[in-house]
Protein chains: 2
Amino acid sequence: MSKRIMLTIAYDGTDYSGWQIQPNAVTIEGVLNKTISELLGEDIHVIGASRTDAGVHAMGAVAVFDTVSPIPPDKYSFVINQGLPDDIRILNSLQVADDFHPRKVNCKKTYEYRIYNDTFMLPTRRLYTHHVYGRLDTEAMNEAGQYLVGEHDFVSFMGAGGQALTTERTIYALDVRNEGESREVVITVTGSGFLYNMVRIIAGTLIDVGQGRFKPEDVKTMLEARDRTAAGQTAPACGLCLVGYDFG
Amino acid sequence: MSKRIMLTIAYDGTDYSGWQIQPNAVTIEGVLNKTISELLGEDIHVIGASRTDAGVHAMGAVAVFDTVSPIPPDKYSFVINQGLPDDIRILNSLQVADDFHPRKVNCKKTYEYRIYNDTFMLPTRRLYTHHVYGRLDTEAMNEAGQYLVGEHDFVSFMGAGGQALTTERTIYALDVRNEGESREVVITVTGSGFLYNMVRIIAGTLIDVGQGRFKPEDVKTMLEARDRTAAGQTAPACGLCLVGYDFG
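Thresholds applied
Residues numbered from 1 in each chain as written. Chains lettered and ligands numbered in written order. Predicted model: local features only at pLDDT ≥ 70, side-chain atom pairs only at ≥ 80, totals over all residues. Heavy atoms only, no water. Least-squares fit on C-alpha atoms with pLDDT ≥ 70 in both. Contact = heavy atoms within 4.5 Å. Domains from an automatic or database assignment. Buried area = accessible area lost by both parts, 1.4 Å probe. Phe/Tyr/Trp six-rings, centres within 6.5 Å; stacked < 30°, edge-to-face > 60°. Helix = DSSP H or I, 4+ residues; strand = E, 2+ residues; numbered from the N terminus. Buried < 20%, exposed > 50% of the residue type's maximum accessible area, 1.4 Å probe, protein only. Lys NZ or Arg CZ within 6 Å of the ring centre and 35° of its normal. Expected span 1.5 Å × (residues − 1). Pairing = 2+ DSSP bridges. Salt bridge = Lys/Arg side-chain N within 4 Å of Asp/Glu carboxyl O. Axes fitted to C-alpha atoms, helices over the stretch in contact; angles between N-to-C directions. Parallel < 35°, antiparallel > 145°, perpendicular 65-115°, else oblique. Left-handed = near helix turned anticlockwise from the far one by under 90°. Nonpolar A, V, L, I, M, F, W, Y, C, P; charged D, E, K, R; others polar. 1 Å grid on protein atoms, 1.4 Å probe; cavity = no way out; pocket = protein on both sides within 12 Å on 5 of 7 lines; lining within 4 Å. Points joined across faces, edges and corners; volume = space filled by probe spheres on them. Arc of directions from axis to C-beta. Polar contact = N/O pair within 3.5 Å; in protein donor to acceptor, adjacent residues only side chain to side chain.

**Quick look at the relation of the copies chain B and chain A**
The pair of chain copies shares a relation made of a rotation about an axis and a shift along it. Once chain B is rotated about the relating axis by 180° and shifted along it by 0.0 Å, it coincides with chain A to within an RMSD of 0.0 Å. Put plainly, the chains are arranged around a two-fold axis. A shared binding surface is used by both copies, with 100% of the interface residues of chain B retained as interface residues in chain A.

Here it is as structure tokens:
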């Protein structure tokens, strides 16, 4: 009898062409399908909760798959990790209802965008942060971010090529902070869902605010403009990390 | 007229065969000599303060070189970074006395050893931490570390192949802590100097203590044994980072 298994997945997106399976490209979804199919001897197709772009990282991506294997649900993480490359790890596995679909349930998603804010990039952080040279005003960035909290039409913050049916989304919380004594600035944003490139455009816009090119209250005008050209630049993929989901 | 420039250097050691120049291997020293020589049009040989092993990282390595170039001393960082690969960065440059030799002055050196302590390794930290599965008792590790503080003969903590004239060294401070809410355990050690593999053997021994294979007070017996086989394993290079020097 078939059961549905939910995986929590972490990956270093540096060497991947994003989540979604594609011909002639190495993707997270493609590697998971191949690895799990080989290990279980079944034809496995995972269903991911989100499709991250090329170069984006994850600490808590989620996917489900159906299997007839008798392995206890919490042991799939150990089994599948044996076959995965070391830049992808299953952190947790559990059984969910047979009709649980991770893109068709309401949930809260959290992303982090990390900026390395110093004269020169620290080499050991170059793959996981975006380098911004000039000192950022993180208080102004945080103030600007509060205009995005709530239910809004985020079409000004959607990248070209986005194919969403509606552009209304809810941001539950947005926080900008300096991380300890490091030179890292972390933007954490939790929402009902995000449009194509939305978090990267929010990050790029807040960087513009942090450098004084926009005032915090300009973000309100950007939202109201309903025009992508009103908002700031799209920040690079390497600074973005999918932190996790709250299905509760 | 020649002047002596001191560089503070950060690097991701993952793809390097260590600091010291070698034929048929890519080393930090080799890349610096080649890059600076080409940029300045002089035959430059840097003198490093320490020779880190293959795979070890640095946030504050130090080296000096002599040049007749008219570039203002604080601008060498900007100039040299133009020619370096992005896994090596000069964080700072300044002029020092013509006879300043970074291995012949008294100084304090600080290293960090980072452990990722969870069931599975987080992919984005795999190049910069050593994975330890079972939960570590960091209080016991810190207690054990205090037996190493002070002036001791550290021959029990010297790797095979070490060629030091004397094996007496002074450790000024050693601290083991859990880093925030992450699953990282950080061992920070400051000393007058370190024998071959000494920090990695200290880290391996403290991991053994953290897992209950040794008691904290066993470290005192290991020191007194003056025998490498009395101490613990040598922890892998990827967890080690040269934090910096205090020449004050």
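**A look at the domain arrangement of chain A**
Residue and element names in this part refer to chain A. In terms of domain boundaries, chain A breaks down into domain 1 (3-96) and domain 2 (108-246). Distance from the C-alpha centre of domain 1 to the C-alpha centre of domain 2: 27 Å. Summed over both sides, the interface between domain 1 and domain 2 buries roughly 1200 Å², with carbon and sulfur atoms accounting for 56% of that surface. Of all residues in domain 1, the largest losses of buried area upon contact with domain 2 belong to Asp 53, His 57 and Met 59, amounting jointly to 39% of the total for that side.

**A closer look at the packing of aromatic side chains**
By convention here, two paired aromatic rings are described through the distance between centres and the angle between planes. Evaluated as defined, the whole model comprises 15 aromatic pairs over all chains. Taking 5.8 Å as the distance between ring centres and 80° as the angle between the ring planes, the aromatic pair formed by Phe 65 of chain A and Tyr 76 of chain A counts as edge-to-face. Within this pair, whereas Phe 65 of chain A is found in strand S3 (residues 57-67), its partner Tyr 76 of chain A is found in helix H2 (residues 76-83), the two being separated by eleven residues in sequence. Of the two residues, Phe 65 of chain A and Tyr 76 of chain A, neither departs from the other in class, the shared state being buried. Between Tyr 11 of chain B and Trp 19 of chain B, the ring centres sit 6.3 Å apart and the planes meet at 40°, which makes this aromatic pair tilted. The ring of Tyr 172 of chain A has Lys 108 of chain A sitting right over it, with the charged end atom 4.7 Å from the ring centre.

**Here's the deal with helix H4 (residues 198-210) of chain A**
All names here are of chain A. Under the 1.5 Å per step criterion, the end-to-end length of H4 is 18 Å for 13 residues, consistent within 8% with the ideal 18 Å. Of all 13 residues making up H4, 13 are buried, and the element is well covered by its neighbours. Immediately beyond the C-terminal end of H4, within one or two residues, lies Gly 212, with a positive phi of roughly 85°.

**Some remarks on the pairing of strand S5 (residues 108-117) of chain A**
Within a regular strand, the side chains alternate between the two sheet faces. All names here are of chain A. Most of S5 sits inside the fold, with nine of its ten residues counted as buried. In this structure, S5 lies alongside strand S9 (residues 184-191), joined through eight bridges in antiparallel fashion. By the bridge assignment, Thr 110 is partnered in S9 with Thr 190.

**Brief notes about the interface of chain B and chain A**
Taken residue by residue, the interface counts 25 residues in chain B and 25 residues in chain A. Around 1900 Å² of area is buried between chain B and chain A when both sides are counted, 71% of it from carbon and sulfur atoms. Interface area lost by chain B to chain A is led by Phe 120, Thr 124 and Arg 126 of chain B, which between them contribute 32%. Across the contact surface, chain B and chain A share four salt bridges.

**Some thoughts on the packing of helix H3 (residues 138-146) of chain B against helix H4 (residues 198-210) of chain B**
Residue and element names in this part refer to chain B. Orientation of H3 relative to H4, taken along the N-to-C sense of each, is 135°, at an axis distance of 8 Å. Classified by the interaxial angle, the pair formed by H3 and H4 is oblique. Between H3 and H4 the crossing geometry is right-handed. Residue-level contacts link Ala 140, Met 141, Ala 144 and Gly 145 of H3 to Leu 206, Ile 207, Val 209 and Gly 210 of H4. Across the contact of H3 with H4, the residue classes break down as six nonpolar, two polar and no charged.

**Topic: the layout of surface pockets**
Each pocket or cavity is described by its volume, and for the largest pocket that value is around 1500 Å³. Breaking the lining of the largest pocket down by element, the ones donating at least two residues are S3, S5 and strand S10 (240-246) of chain A together with strand S3 (57-67) and strand S5 (108-117) of chain B. Among the residues making up the lining of the largest pocket, the classes are represented as 13 nonpolar, ten polar and 17 charged.

**Digging into the environment of Glu 38 of chain B**
Residue and element names in this part refer to chain B. Relative to the assigned elements, Glu 38 resides in helix H1 (residues 28-40). We classify Glu 38 as exposed; its relative accessible area is 57%. With 42 residues separating them in the primary sequence, Glu 38 and Ile 80 have C-alpha atoms 9.8 Å apart.

**Remarks on the pattern of salt bridges**
All names here are of chain A. Across all of its chains, the model carries 30 salt bridges over all chains by this definition. Of the charged contacts, one joins Glu 179 and Arg 114 as a salt bridge, the two residues approaching to 2.9 Å between their closest N and O atoms. Of this pair, Glu 179 sits in the loop between strand S8 (168-178) and S9 while Arg 114 sits in strand S5, placing them 65 residues apart in sequence. Residue Glu 179 is classed as partly exposed on the basis of its relative accessible area of 27%. Here Arg 213 makes a salt bridge to Asp 208, at a shortest N to O gap of 2.5 Å. Look at Asp 208 and you get buried, because its relative accessible area is 6%. In the salt-bridge network here, residues are joined through shared partners; they are Glu 112, Arg 114, Arg 125, Arg 177, Glu 179 and Glu 184.

**Topic: H3 of chain B**
Residue and element names in this part refer to chain B. Those residues of H3 not exposed but buried are Thr 138, Ala 140, Met 141, Ala 144 and Gly 145. Here the buried residues of H3 occupy an arc of 155° about the axis, which is enough to place them on one side. For H3, the elements touching its buried residues are S5, strand S8 (168-178), strand S9 (184-191), H4 and helix H5 (218-225). For H3, the side-chain oxygen to backbone nitrogen distance between the N-cap and Glu 139 is 3.2 Å, and the N-cap itself is Asp 137.

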